[in-house]
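Structural features, examined
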Amino acid sequence: MRQLIAGNWKMNGLGSAALAEIAVLRAAAVTRADILICPPATLIARAVWAAKGAVPIGAQDCHAQASGAFTGDISAEMLKDAGAVTVIVGHSERRQLHGESDATVADKARAAWRAGLSAIICVGETEAERIAGHALDVVTRQLEASVPPGATADNTAVAYEPVWAIGTGRTPSDAEIVEMHALVRGRLGAGFRILYGGSVKPANAAAILGLADVDGALVGGASLKASDFLAIVEAARS
Ligand code: PGA
């Protein structure tokens, strides 16, 4: 399977400086892997324009409803209208900082499909859960409750992102990543893309992307600079 290197800019990126990074990615004419950049919602339409079809643009979250009295929220239909092709749902920062439950995440994934977007559904255990030996159980539960029936390899990817590895510079061992990706593969089936996320950077990308059932990476901090992101892309399995 062709690997996907997806960048999650989180709440980073303003105007021309951000669009210049998109222009660098466009000019790089990447062929080694599929790529995706998820900028903040304010930049989606401009990023789509700057990418000129060479860099697919996604979003970081959506509301479950298509429209209505939800001040400050953005629907999947609006993201589609802005030019996004996919949306991340259930990122741990949404689960933890915005209290999103598995059921909410599943509703958002359905909303993405309804709007014609694919969904990247994030799962992952906290450090306490891993230390307690519950990582596999936690992710199993999250998969059961956050990935709705109807998920296909075309409309859904899953990102395994251990919460304790996000933005910390720490990553699980190779064996821990392989074990968890095998679990996700067993539940989803062949053909689904399973991304690893959490402190992926140019220095560790080749090792992580070389592991069994790792079909790509969801990259936060190291996606903000096009040069770092491209170095990760070059580390993808060919
Ligand atoms: P990080 O973030 O690469 O900065 O650790 C990953 C993510 O949250 O998707």
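We now turn to the structure provided with this report.

About the thresholds
- All residue numbers refer to position in the chain's written sequence, counted from 1.
- Thresholds applied to this predicted model are a pLDDT of at least 70 for local features of residues and 80 or more for the giving and counting of side-chain atom pairs; totals over whole chains, interfaces and linings are not thresholded and use all residues.
- By convention in this description, side-chain values take in all heavy atoms of the structure and omit both hydrogens and water.
- Helix and strand labels come from DSSP, where a helix needs a run of H or I of at least four residues and a strand needs a run of E of at least two; each type is numbered from the N terminus.
- Radius of gyration means the value over C-alpha atoms here, while the globule rule gives 2.2 Å times the residue count to the 0.38 power.
- Using a 1.4 Å probe on the protein chains alone, a residue whose accessible area is under 20% of its type maximum counts as buried, one over 50% counts as exposed, and one in between counts as partly exposed.
- For each residue, the test is whether any non-hydrogen atom lies within 4 Å of the molecule or strand; if one does, the residue is near.
- Between N or O atoms, a polar contact is any pair within 3.5 Å; within protein, one atom must be a potential hydrogen donor and the other a potential acceptor, and residues adjacent in sequence are included only when both atoms are from side chains.
- Computed with a 1.4 Å probe, the accessible areas rest on the Shrake-Rupley method; for each residue, only the protein chains presented here act as cover.
- Residues are grouped as follows: nonpolar covers Ala, Val, Leu, Ile, Met, Phe, Trp, Tyr, Cys and Pro; charged covers Asp, Glu, Lys and Arg; every other residue, Gly included, is treated as polar.
- Each helix should span, by expectation, one fewer than its residue count multiplied by 1.5 Å.
- The contact criterion used is simple: two residues touch if any of their non-hydrogen atoms lie within 4.5 Å.
- Strand pairing is defined by DSSP finding a minimum of two bridges between the two strands.
- Angles shown run from 0 to 180 degrees and are taken between the N-to-C directions of axes, each axis being a line fitted to C-alpha atoms and, for helices, limited to the stretch in contact.
- The arc under discussion is defined with respect to the helix axis, by the directions toward the C-beta atoms.
- Ring pairs shown here join Phe, Tyr and Trp side chains whose ring centres sit within 6.5 Å, with only the six-membered ring taken for Trp; geometry is labelled stacked below 30 degrees between planes, edge-to-face above 60, and tilted in between.
- Distance and angle both matter: a charge sits over a ring if NZ of Lys or CZ of Arg is within 6 Å of the ring centre and within 35 degrees of the ring normal.
- Throughout, the term roughly parallel applies to angles under 35 degrees, roughly antiparallel to angles over 145, roughly perpendicular to angles from 65 to 115, and oblique to all others.
- Crossing handedness follows the turn of the near helix against the far one: under a right angle anticlockwise gives a left-handed crossing, and clockwise gives a right-handed one.

**Points about the overall build of the protein**
The secondary structure content of the protein amounts to 10 helices and 8 strands. What you see for the protein is a C-alpha radius of gyration of 16 Å, in line with the 18 Å of a compact globule of 238 residues. Taking the principal axes of the C-alpha coordinates as reference, the protein spans close to 45 × 45 × 30 Å. By the burial criterion, 51% of the 238 residues in the protein qualify as buried.

**A short note on the site of the ligand**
Contacts to the ligand come from 13 residues, most closely from K10, H91, E161, G167 and S199. Contact distances for the ligand include 2.6 Å between an oxygen atom and a side-chain N or O atom of H91. Alone, the ligand offers 280 Å² of accessible surface; in the complex the protein occludes 95% of this. Taken together, the residues that form the shell around the ligand break down as 4 nonpolar, 7 polar and 2 charged.

**With respect to helix α5 (residues 102-115)**
An ideal rise of 1.5 Å per residue puts 20 Å on 14 residues; α5 measures up with 20 Å between its terminal C-alpha atoms. Here the buried face of α5 lies against α3 (76-82), β4 (86-89), α4 (92-97), β5 (118-123), α7 (135-146) and β6 (156-160).

**Quick look at the sheet that holds strand β2 (residues 34-38)**
Within the open sheet, the 8 strands sit side by side as β2-β1-β8-β7-β6-β5-β4-β3. Their pairing is parallel. At either end of the open sheet lies a strand with only one pairing partner, and these are β2 and β3 (58-59). In this fold helix α10 (residues 226-234) packs onto β1 (4-8), β2 and β8 (216-219), with an angle of close to 160 degrees to the strand it touches most, β1.

**Details of α10**
All of the buried residues in α10 are A226, F229, L230, I232 and V233. The arc that holds the buried residues of α10, viewed along the axis, is 155 degrees, so those residues lie on one side. Elements that come into contact with the buried residues of α10 comprise β1, α1 (15-28), β2, α9 (202-209) and β8.

**Let's talk about the packing of aromatic side chains**
Aromatic ring pairs are described here by two measures, namely the spacing of the ring centres and the angle between the planes. Applying the stated criterion across every chain yields a total of 1 aromatic pair. Over the face of the ring belonging to W49 we find K52, whose NZ or CZ atom lies 4.1 Å from the ring centre.

**Some thoughts on the side chain of D215**
Along the chain, D215 turns up in the loop between α9 and β8. Polar side-chain contacts of D215 include one of 2.7 Å to the side chain of R185. Residues within four places of D215 in sequence aside, it is in contact with M1, R2, Q3, L4, R185, F192, R193, I194, L195 and R237.

**Details of the pairing of strand β7 (residues 193-197)**
With respect to burial, β7 is a largely interior element, 5 of its 5 residues being buried. Judged by which residues are buried, β7 turns out to be covered on both faces: R193, L195 and G197 on one side and I194 and Y196 on the other are all buried. Here β6 pairs with β7 via 4 bridges, running parallel. Bridging across to β7, Y160 finds its partner in Y196.

**Some details on the packing of α7 against helix α8 (residues 174-188)**
Contact pair α7 / α8: the axes reach a minimum separation of 11 Å and the direction vectors enclose 30 degrees. Here α7 lies roughly parallel to α8, going by the angle between them. Between α7 and α8 lies a crossing whose hand is right-handed. Across from A135, L136, V139, T140, L143 and E144 in α7, the residues of α8 making contact are E179, M180, L183, V184 and R187. When the residues that make up the contact of α7 with α8 are grouped by side-chain class, the tally is 7 nonpolar, 1 polar and 3 charged.

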